[in-house]
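Listed below, chain by chain, are the residues.
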Amino acid sequence: MADTSSPLSSSAPAPAARRSWADTFRVYTEPASLRMLALGFSAGLPLLLVLGTLSFWLRKAGIDRSTIGYLSWVGLAYAFKWVWSPLVDRLPLPGLTRLLGRRRSWLLLAQGLVIAGLLGMAWADPQLHLNHVVWCALAVAFGSATQDIALDAYRIESADAERQAALAATYQTGYRIAMIWAGAGVLWLVALGLQEGAGDYQRQAWSFAYLVMAASMLVGVVTVLLSPEPVAKALTPARNAAQWLREALVAPFADFLGRYGWHAALILALIAIYRISDVVMGIMANPFYVDMGYTEAEVASVSKIFGVIMTLVGAFIGGVISMRIGVMRVLMLGAVLSAGSNLLFAWLATRGHDLVGLIAVVSADNLAGGIASAAFIAYLSSLTNVNYSATQYALFSSMMMLLPKWIAGFSGVYVDHFGYAQFFVSTALLGLPVLVLVWLASRIRPVPGRP
């Protein structure tokens, strides 16, 4: 039972009965946790390839910062995935569902779309065919968002509530490793493919890197084919189209509102802005590296070595201490660290080309991101009803991206007018309301008598 003397300890989900440290760590070796590691990698790979890494590529190709900022709106596909999440939650795919089950069939279809989109981006040159790159990036984002819907439902249905923090941590570890590979890995591959004397920007090097990323999605494809379908609640056949629409579209949202009442507005507000500091800042991070004179090899090395280590440490710490002291306390810690790490980027902007400073800032940023993300995923999972897991989680994770992504679209214009240092300070200040909302949300419990 949680200690009710502190608001942050009375939140949902409260810590379960105290378990030994050996039992806590043993959860991470269970098959469900290991599957989430691989599937988290598959989920995390596409994100940077249509956002941060793409912005580095476009800046190298001579695309201006304002255009890069607006093109980040490709990521709004993630913010609107709740629109088609009821279909993913309830609609069987002819042939595939019979062979693989409802969750795995949608996972495989989504992964195929991501691979196709990445191949299209690899064969395009943004200097000549920017529209082609954008359309392929949209396909990747749509496929990736669909994969997220199915995967979130798969994760929630794969274990009981007590193990969701561990699954969230291993999922987040795989996710962040994939982001390192899609970020630092791409830059490292580009650096390997550069031909001496052929200029600073060479399209064929970027094409090779994106082809490797498309092949890397096979990790998720193989995992889906080898994994069992989770035991899901049987769906009662609808008598007519109106009943199907009511059960698929209305019931998931009515269930959430029924369980939390007017507190649902507060919870949704927290979800909408919890990662706002990270998301808004992240769009301009790679253009910042380019403009500060860091090479692909330098950014790749720093991100690959220090970023990976601190990401793993952060995700592990976030998962473990969430199980020990409760998710809401770690959610507050993550919010403070995420905003604080942006101030370090403001300091770095005053240093010019400072490799040691870059190492320190990237390390701190990845540690903060790992802790915050592990706790946030566990918190979102605790809010869902297993009967509507895909739809409800898609709603939550969509809201997490909508406002931050929209604001991030103007980040290039802001940097052009005020500079990088003031931009990073402003993104840190965006995180202040999050602290208040976490404190308020920690005092909420579902309405008594509701499921």
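Residues numbered from 1 in each chain as written. Predicted model: local features only at pLDDT ≥ 70, side-chain atom pairs only at ≥ 80, totals over all residues. Heavy atoms only, no water.

Taking 1.5 Å per residue, 21 residues should reach 30 Å; helix α8 (residues 102-122) reaches 31 Å between its end C-alpha atoms and fits that length. Taking burial as the measure, the 21 residues of α8 include 15 buried ones, the bulk of the element. (Helix = DSSP H or I, 4+ residues; strand = E, 2+ residues; numbered from the N terminus. Expected span 1.5 Å × (residues − 1). Buried < 20%, exposed > 50% of the residue type's maximum accessible area, 1.4 Å probe, protein only.)

Glancing now at the nonpolar core. Nonpolar side chains in soluble globular proteins tend to end up buried together. Membership of the largest hydrophobic core comes to 133 residues, with the highest contact counts inside it found for Leu 118, Met 121, Tyr 210, Tyr 289 and Tyr 379. It is helix α10 (residues 164-193) that provides the largest number of residues to this core, a total of 13 residues. When neighbours within four sequence positions are excluded, Leu 118 is seen to be in contact with Leu 49, Val 140, Tyr 210, Met 213, Ala 214 and Met 217. (Core = buried A, V, L, I, M, F, W, Y, C linked by side-chain atoms within 4.5 Å. Contact = heavy atoms within 4.5 Å.)

What follows covers the side chain of Asp 278. Structurally, Asp 278 can be placed in helix α15 (residues 276-291). Asp 278 gets classed as buried once you look at its relative accessible area, which sits at 17%. What Asp 278 contacts, discounting residues up to four positions off in sequence, is Ser 338, Asn 342 and Asp 365.

To continue, consider the pattern of salt bridges. All told, the structure shown has 10 salt bridges when counted by the stated rule. The partner of Arg 65 in a salt bridge is Asp 291, with the nearest N and O atoms 2.7 Å apart. Note that Arg 65 is positioned in helix α4 (residues 65-71) and Asp 291 in helix α15, a separation of 226 residues in sequence. For Asp 291, a relative accessible area of 29% gives the class partly exposed. (Salt bridge = Lys/Arg side-chain N within 4 Å of Asp/Glu carboxyl O.)

One can find Asn 342 in helix α17 (residues 327-349). If near-sequence neighbours (up to four positions away) are discounted, Asn 342 is found in contact with Ser 277, Asp 278, Met 281, Asp 365, Phe 424, Thr 427 and Ala 428.

With respect to the secondary-structure elements, Ile 271 resides in helix α14 (residues 263-273). The exposure class of Ile 271 is buried, given its relative accessible area of 0%. When the C-alpha positions of Ile 271 and Val 438 are compared, they lie 9.5 Å apart, and in sequence the two are 167 residues distant. Once you skip the residues sitting within four places of it in the chain, Ile 271 turns out to touch Phe 376, Leu 380, Leu 383, Phe 396, Met 399 and Met 400.

So, on to the packing of α15 against helix α20 (residues 411-418). Contact geometry for α15 and α20: axes closest at 10 Å, N-to-C directions at 70°. It follows from the interaxial angle that α15 and α20 lie roughly perpendicular. Read as a crossing pair, α15 and α20 show a hand that is right-handed. Counting all contacts with α15, which are made through Val 280, Ile 283 and Met 284, the residues of α20 involved are Ser 411, Gly 412 and Val 415. Across the contact of α15 with α20, the residue classes break down as four nonpolar, two polar and no charged. (Axes fitted to C-alpha atoms, helices over the stretch in contact; angles between N-to-C directions. Parallel < 35°, antiparallel > 145°, perpendicular 65-115°, else oblique. Left-handed = near helix turned anticlockwise from the far one by under 90°. Nonpolar A, V, L, I, M, F, W, Y, C, P; charged D, E, K, R; others polar.)

This part takes up the environment of Leu 37. The residue Leu 37 is located in helix α2 (residues 31-49) in this model. You can call Leu 37 partly exposed: its relative accessible area is 34%. Remark: the alpha-carbon pair of Leu 37 and Ala 169, spanning 132 residues in sequence, is separated by 8.7 Å. The residues touching Leu 37, leaving out its near neighbours within four places in the chain, are Thr 170, Thr 173 and Gly 174.

Another aspect to go through is the packing of aromatic side chains. Per the stated rule, a full pass over the model turns up 19 aromatic pairs. Arranged with centres 5.5 Å apart and planes meeting at 40°, the rings of Tyr 70 and Trp 73 form a pair that is tilted. On the basis of relative accessible area, Tyr 70 is assigned to the partly exposed category, the value being 37%. With a relative accessible area of 29%, Trp 73 lands in the partly exposed category. Aromatic pair Phe 423 and Phe 424: ring centres 5.4 Å apart, planes at 55°, arrangement tilted. Each member of the pair, Phe 423 as well as Phe 424, carries the same accessibility label: buried. Through a chain of ring-to-ring contacts, three or more aromatic side chains come together here, namely Phe 288, Tyr 289, Tyr 294, Phe 345, Tyr 414, Phe 418, Tyr 420, Phe 423 and Phe 424. (Phe/Tyr/Trp six-rings, centres within 6.5 Å; stacked < 30°, edge-to-face > 60°.)

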